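The primary structure of each chain is shown beneath.
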Amino acid sequence: MNAPQDVSDALARLRALQAADLPVHGGRTLAYVYDSGLPDVDRIGREAVAAYAGSNGLDPTAFPSLLRMENDLVGFALGLLDGPESAVGTVTSGGTESVLLAVQAARDAHPEVTEPRMVLPATAHAAFHKAAHYFGVEPVLVPVGAGFAADVAATEAAVDEARHRTVLVVGSAPSYAHGVVDPVTELAAIAAARGIRCHVDACIGGWVLPYAARLGRDVPPWTFAVDGVTSISVDLHKYGYAPKGTSLLLHRTPELRRPQFFASAAWPGYTMLNSTMQSTKSGGPLAGAWAVVESLGDTGYELLSRQVFEAVDAIVAGAADIAGVSVLVPPQSTLVALVTDDSCDAFTVCDEMAARGWYVQPQMSYAGTPPTVHLSVSAATGAHVAELLAALRDSVAAAQGSGPVSVDPDVVAFIEALDPHALTDDDFDGLLTASGLVADGADGLALPDRMAGVNALLDVASPSMREALLVAFLDRLSRPHRR
Ligand SMILES: *Cc1c(COP(=O)(O)O)cnc(C)c1O
């Protein structure tokens with residue numbers, strides 16, 4: 001056992017390590033983190049996580065407070081999302097787990113279907129592709145229409161191509177990349193008419209869109225008020241402003257949820273009984289989310305939604321006055337996608353914003369849509385919109401000054417000659433050398449300060465090549481540090 005000073009030293013070292021991370025407070029990180037801007041709410045959430053860090057959600061009878069908090073959160077969400085009396089839900093570890101379980105439950109509700117498929121708008125979150133990969137459900141991607149919303153007629157045709165193998169139809173409220181709410185009424189009707197489940201992925205919008213509607217903003221219907229919607233995913237660790245590690249998966253009836261649950265008595269230990277993918281699970285995130293939701297309540301969320309939508313409107317109006325960038329599509333929620341004209345490029349704009357203390361997220365080109373700059377706007381950003389717009393104006397000017405980033409044609413040729421399905425370590429090393437962008441030194445990979453060159457390189461690669469390169473990259477990053 002180490003001496004007490006080593007314990008406090010460990011915490012000091014932890015804080016020193018953390019200094020290299022993106023800030024989670026201040027409203028200047030416009031992806032990954034969601035900041036209410038309310039230090040008390042944040043503190044309460046953190047204290048609740050700490051108080052429950054050692055508790056175990058494996059057995060709800062052993063930790064009844066966890067079951068109580070879960071049922072409270074589900075009840076609050078169903079009130080927000082027009083859940084009928086029959087509706088039920090589960091707290092999961094995040095949006096991806098909610099999506100995975102929605103797909104798994106849809107698959108397992110039809111054991112007679114040997115080659116299940118699900119019909120998705122091409123804008124659906126990558127979590128559905130992960131679910132497809134994990135659970136062997138074929139993803140049928142339907143290109144979206146001009147406004148980036150799901151194409152209803154094409155969805156219907158895709159469902160009917162193999163109706164008896166289709167176990168799920170999906171819509172987003174909104175899509176992550178473009179912030180567009182799909183025509184859920186029409187999608188759910190297509191599914192319901194054929195007895196197919198319809199999942200609405202409201203991971204990012206579920207906790208703000210109900211308030212947007214209440215504030216008089218134009219939001220197409222997408223909740224359980226829409227006939228045919230069988231399940232909804234909504235993240236607490238996004239616009240619930242809860243600490244990381246919680247999302248909700250809600251089902252219209254207990255029967256729809258049943259295949260999600262798993263029990264096993266096929267071993268000599270305790271009978272395993274799980275509602276989610278985890279078995280032992282910390283009660284910390286659940287307690288943190290409960291404490292935040294209880295302290296903010298409906299009025300608190302309405303106020304935060306008012307702030308965030310004022311910020312979104314101001315950003316959209318301000319961006320219209322900056323030559324060189326424009327919004328890709330008018331945002332229906334709290335997500336803004338900016339596109340550049342030919343005078344500059346999105347990746348350099350992201351780097352320039354980072355140099356000015358703002359983290360905005362680069363999105364690659366996809367299916368004919370150019371690269372974009374993604375902003376998940378938080379309530380805390382509201383107080384700094386003028387600074388954000390000034391930084392954007394300066395960043396665009398700087399990016400215009402340096403001109404659009406380009407990729408060496410030899411490097412393009414190198415990438416095009418590689419097979420993404422058989423990418424070797426030598427190929428990856430060759431690419432590092434050829435591009436000169438990422439140094440592979442004794443301390444592992446060293447990323448450049450400016451990422452535009454790397455992003456532009458990935459952008460010229462095909463989607464499957466991007467995946468292969470990033471997996472190889474992650475492999476190199478994730479190596480033990482031994483002493
Ligand atoms: C964030 C998000 C997810 C995945 O959620 P994680 O919490 O990152 O696992 C799924 N769908 C949408 C629309 C999202 O925005």
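Above this text sits the structure in question.
These notes cover the structure that comes with them.

## Details of the packing of aromatic side chains
Then, in step 1: Applying the stated criterion across every chain, the model contains nine aromatic pairs.
Then, in step 2: With a centroid separation of 6.3 Å and an interplanar angle of 85 degrees, the aromatic rings of Y134 and F135 are classed as edge-to-face.
Then, in step 3: On the basis of relative accessibility, which here comes to 16%, the residue F135 falls in the buried class.
Then, in step 4: An aromatic cluster is defined as three or more aromatic residues linked by ring pairs; in this entry it consists of F76, W207, Y211 and Y301.

## Side note on the site of the ligand
Then, in step 1: Around the ligand, the neighbouring residues are G94, G95, T96, H125, P174, Y176, D201, C203, I204, D235, H237 and K238.
Then, in step 2: Here K238 contributes a side-chain N or O atom positioned 3.0 Å from an oxygen atom of the ligand.
Then, in step 3: Compared with its free state, where it exposes 380 Å², the ligand has 85% of that area covered by protein.
Then, in step 4: Across the shell around the ligand, the residue classes break down as four nonpolar, five polar and three charged.

## Remarks on the pairing of strand 2 (residues 117-121)
A regular strand places its side chains on the two faces of the sheet in alternate fashion.
Then, in step 1: Judged by how many residues are buried, strand 2 sits mostly within the fold: five of five residues are covered.
Then, in step 2: Neither face of strand 2 is open: one carries R117, V119 and P121, the other M118 and L120, and all of them are buried.
Then, in step 3: In this sheet, strand 3 (residues 138-142) lies alongside strand 2 in parallel orientation, the contact comprising five bridges. Its bridge partner being in strand 3, V119 is matched across the sheet by V140.
Then, in step 4: Running through helix 5 (residues 127-135), the crossover from strand 2 to the neighbouring parallel element strand 3 is right-handed.
Then, in step 5: Pairing analysis gives three bridges linking strand 2 to strand 4 (residues 166-172), with the strands arranged parallel. When the sheet's bridge partners are listed, V119 is paired in strand 4 with V169.

## Quick notes on unusual backbone geometry
Keep in mind that most residues, glycine aside, have a negative phi and that most peptide bonds are trans.
Then, in step 1: A cis geometry characterises the amide bond from A173 onward to P174, with omega recorded as -10 degrees.
Then, in step 2: Among the secondary structure elements, P174 is positioned in the loop between strand 4 and helix 7 (184-193).
Then, in step 3: A positive phi angle, close to 60 degrees, is found at D82, a residue other than glycine.
Then, in step 4: Phi at A367 takes a positive value of approximately 50 degrees, unusual for a residue other than glycine.
Then, in step 5: Structurally, A367 is set in the loop between strand 12 (361-363) and strand 13 (372-376).

## Regarding the nonpolar core
Then, in step 1: Formed by 89 residues in total, the largest nonpolar core has its most connected members in W207, W222, Y239, L248, L250, L375 and V377.
Then, in step 2: With 15 residues, helix 10 (residues 284-319) is the single largest residue contributor to this core.
Then, in step 3: Counting 21 residues, the second largest nonpolar core, distinct from the first, contains L431, L432, L445 and L469.

## Digging into the sheet that holds strand 6 (residues 231-235)
Through backbone hydrogen bonds, the strands of a sheet pair up, either in parallel or in antiparallel fashion.
Then, in step 1: With respect to topology, seven strands assemble into an open sheet ordered 1-7-6-5-4-2-3, the strand pairing being mixed. Each having just a single partner strand, strand 1 (88-92) and strand 3 make up the two edges of the open sheet. Looking at each pair of strands side by side, their axes are set apart by 20 degrees on average, direction ignored.
Then, in step 2: Alignment of strand 6 against strand 7 (residues 247-251), held across five bridges, turns out to be antiparallel. Note on strand 7: the bridge partner recorded for D235 is S247.
Then, in step 3: In this fold helix 4 (residues 95-108) packs onto strand 1, strand 2, strand 4, strand 5 (197-201), strand 6 and strand 7, with an angle of close to 25 degrees to the strand it touches most, strand 7.
Then, in step 4: In this fold helix 6 (residues 152-161) packs onto strand 2, strand 3 and strand 4, with an angle of close to 170 degrees to the strand it touches most, strand 2.

## Details of the pattern of salt bridges
Then, in step 1: The full count for this structure, using the stated rule, is 23 salt bridges.
Then, in step 2: Put simply, R68 and D72 hold a salt bridge, and the shortest N to O gap is 3.1 Å. Placement of both R68 and D72 in helix 3 (residues 64-80) is noted, with a separation of four residues, approximately one turn of the helix.
Then, in step 3: On the basis of relative accessible area, R68 is assigned to the exposed category, the value being 55%.
Then, in step 4: One network of salt bridges, with partners in common, ties together E156, D160, R163 and R194.

## A few points about the sheet that holds strand 11 (residues 335-340)
Then, in step 1: In space, the four strands of this open sheet follow the order 10-11-13-12, with antiparallel pairing throughout. In this open sheet, the two edge strands, each paired with only one partner strand, are strand 10 (325-327) and strand 12. Across the sheet, the mean angle separating the axes of adjacent strands is 35 degrees when strand polarity is ignored.
Then, in step 2: The pairing of strand 10 with strand 11 spans three bridges and is antiparallel. What sits directly across from V325, in strand 11, is T340.

About the cut-offs
Residues numbered from 1 in each chain as written. Predicted model: local features only at pLDDT ≥ 70, side-chain atom pairs only at ≥ 80, totals over all residues. Heavy atoms only, no water. Phe/Tyr/Trp six-rings, centres within 6.5 Å; stacked < 30°, edge-to-face > 60°. Buried < 20%, exposed > 50% of the residue type's maximum accessible area, 1.4 Å probe, protein only. Near = heavy atom within 4 Å. Polar contact = N/O pair within 3.5 Å; in protein donor to acceptor, adjacent residues only side chain to side chain. Areas by Shrake-Rupley, 256 points an atom, 1.4 Å probe, with all protein chains shown as cover. Nonpolar A, V, L, I, M, F, W, Y, C, P; charged D, E, K, R; others polar. Helix = DSSP H or I, 4+ residues; strand = E, 2+ residues; numbered from the N terminus. Pairing = 2+ DSSP bridges. Right-handed = clockwise from strand over helix to strand, strands pointing away. Core = buried A, V, L, I, M, F, W, Y, C linked by side-chain atoms within 4.5 Å. Axes fitted to C-alpha atoms, helices over the stretch in contact; angles between N-to-C directions. Contact = heavy atoms within 4.5 Å. Salt bridge = Lys/Arg side-chain N within 4 Å of Asp/Glu carboxyl O.

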